[in-house]
There are 2 protein chains.
Amino acid sequence: MALFPESLENLINALSALPGVGIKSAERLAFYLLSCPPDKAARLSEAITRARDKITRCRVCQNLSEDEVCALCASETRDKTAVCVVQDPKGVIAIERSREYNGLYHVLHGALSPTAGVSPRDLTIEELLTRVSAEGSAIEEVILATNPDVEGETTANYITGLLKPAGARVTRLARGIPVGGSLEFLDDRTLGRALEGRS
Amino acid sequence: MALFPESLENLINALSALPGVGIKSAERLAFYLLSCPPDKAARLSEAITRARDKITRCRVCQNLSEDEVCALCASETRDKTAVCVVQDPKGVIAIERSREYNGLYHVLHGALSPTAGVSPRDLTIEELLTRVSAEGSAIEEVILATNPDVEGETTANYITGLLKPAGARVTRLARGIPVGGSLEFLDDRTLGRALEGRS
């Protein structure tokens, strides 16, 4: 005899397929979804369907968007001479929150990783090259803002190698000590980079 | 400007409304649901809707069921003279796993808790009393298997006070169960012993 009714088993299985959700969490979530107000469960179900239906990638910057061209790329007030290359949509949000940048973006949707099997074809590097060459001298600077880890560095180096010959000005985010931190808790490499790049 | 497209914001909000899911987890889950194969996202969305549509409470034992009377209550092979009262559907599963019990169940869907505002009206105690009095002497024993914590003990004592005057034989799981635990996390043998030694 099945332990739970079939539709409940299905729900638990679908939930436990989510990343970071184990079987016990999935059971807890399933019971919650059964006992919560009906509109709350319906809201989640519809939100999944609607997000899948509506969200596509911006034709220009490849960021997630409900329109063919996203609001940032379509904006009249953004500086179109700079393109900041980030790994994912959260990178865009992080940089927007800093309020220090008014240019455009390019979202790679990942970083190169031979171990995880992520090759240049899995990222939007091709689209970035096409965009830079199509815009010609309209793009004056490409800022590489990949994550400061092995995969991010590898990706940045790879893209630099492709863009430099094309004559584009390629910059990287400065390395140094984070604002508000304490020297004693910094790792050696960060401190070393901060000393190297002192100004 | 909104940080994410509206439908993505909605999805993140709906996910972060789940118990134990913070905003960062919700973002991670939302990005996963956008990038996973379409059928996987659809499966979760449909599983939620279908579980809400199909699952109701068994008319007899109040356990979750897709039918008016659940498979356990409808079974010809179960001992209909015993009713084991548990707090939730997971309690039924825990006891079934012990393979020491072949009677029926009654699911309370909670435990009395003045602090959490759970009163007898919020549980299926009324249904239990009606069931016991309607069956008359057909039910020879009511086994109280609430969780061995304060709320569970309170609930068991409350139900005992209601059933004893009606002449029903009321037993409790033996004190083999560790105090402060929850039925669903107990191992099969401990549960089996507790059933054997019920008093």
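Residues numbered from 1 in each chain as written. Chains lettered and ligands numbered in written order. Predicted model: local features only at pLDDT ≥ 70, side-chain atom pairs only at ≥ 80, totals over all residues. Heavy atoms only, no water.

### Observations regarding the sheet that holds strand β4 (residues 103-107) of chain B
Residues and elements named next belong to chain B.
Here is step 1 of the chain: Strand order across the open sheet formed by 4 strands is β4-β3-β5-β6, with parallel pairing between neighbours. Across the chains shown, the open sheet's two edge strands, defined by having one partner strand only, are β4 and β6 (170-172). Neighbouring strand axes in the sheet, compared pairwise and without regard to direction, differ in orientation by 30° on average.
Here is step 2 of the chain: Alignment of strand β5 (residues 141-144) against β6, held across 3 bridges, turns out to be parallel. When the sheet's bridge partners are listed, Val142 is paired in β6 with Val170.
Here is step 3 of the chain: Contacts between helix α6 (residues 125-135) and the sheet are confined to β3 (79-86), β4 and β5, with β4 contributing the most and set at about 145° to the helix.
Here is step 4 of the chain: Sheet strands in contact with helix α7 (residues 150-163) are β3, β5 and β6, and its direction is about 165° off that of β6. (Pairing = 2+ DSSP bridges. Helix = DSSP H or I, 4+ residues; strand = E, 2+ residues; numbered from the N terminus. Axes fitted to C-alpha atoms, helices over the stretch in contact; angles between N-to-C directions. Contact = heavy atoms within 4.5 Å.)

### Details of the side chain of B:Glu184
Here is step 1 of the chain: By the element assignment, B:Glu184 lies in the loop between β6 and α8 (188-196).
Here is step 2 of the chain: For B:Glu184, the side chain forms a polar contact with the side chain of A:Lys24, separated by 3.3 Å.
Here is step 3 of the chain: Among the polar contacts listed, one links the side chain of B:Glu184 to the side chain of B:Lys90, at a separation of 3.4 Å.
Here is step 4 of the chain: The residues touching B:Glu184, leaving out its near neighbours within four places in the chain, are A:Lys24, A:Glu27, B:Lys90 and B:Ala94. (Polar contact = N/O pair within 3.5 Å; in protein donor to acceptor, adjacent residues only side chain to side chain.)

### A closer look at helix α2 (residues 23-35) of chain B
Here is step 1 of the chain: Over its 13 residues, α2(B) extends 18 Å from the first C-alpha to the last, a length consistent with the 18 Å expected when each residue adds 1.5 Å.
Here is step 2 of the chain: The set of residues buried in α2(B) consists of B:Ala26, B:Glu27, B:Leu29, B:Ala30, B:Phe31, B:Leu33 and B:Leu34.
Here is step 3 of the chain: If you follow the buried residues of α2(B), they end up packed against α3 (38-54), β2 (64-65) and α5 (89-98) of chain A together with α1 (6-16) and α3 (38-54) of chain B. (Expected span 1.5 Å × (residues − 1). Buried < 20%, exposed > 50% of the residue type's maximum accessible area, 1.4 Å probe, protein only.)

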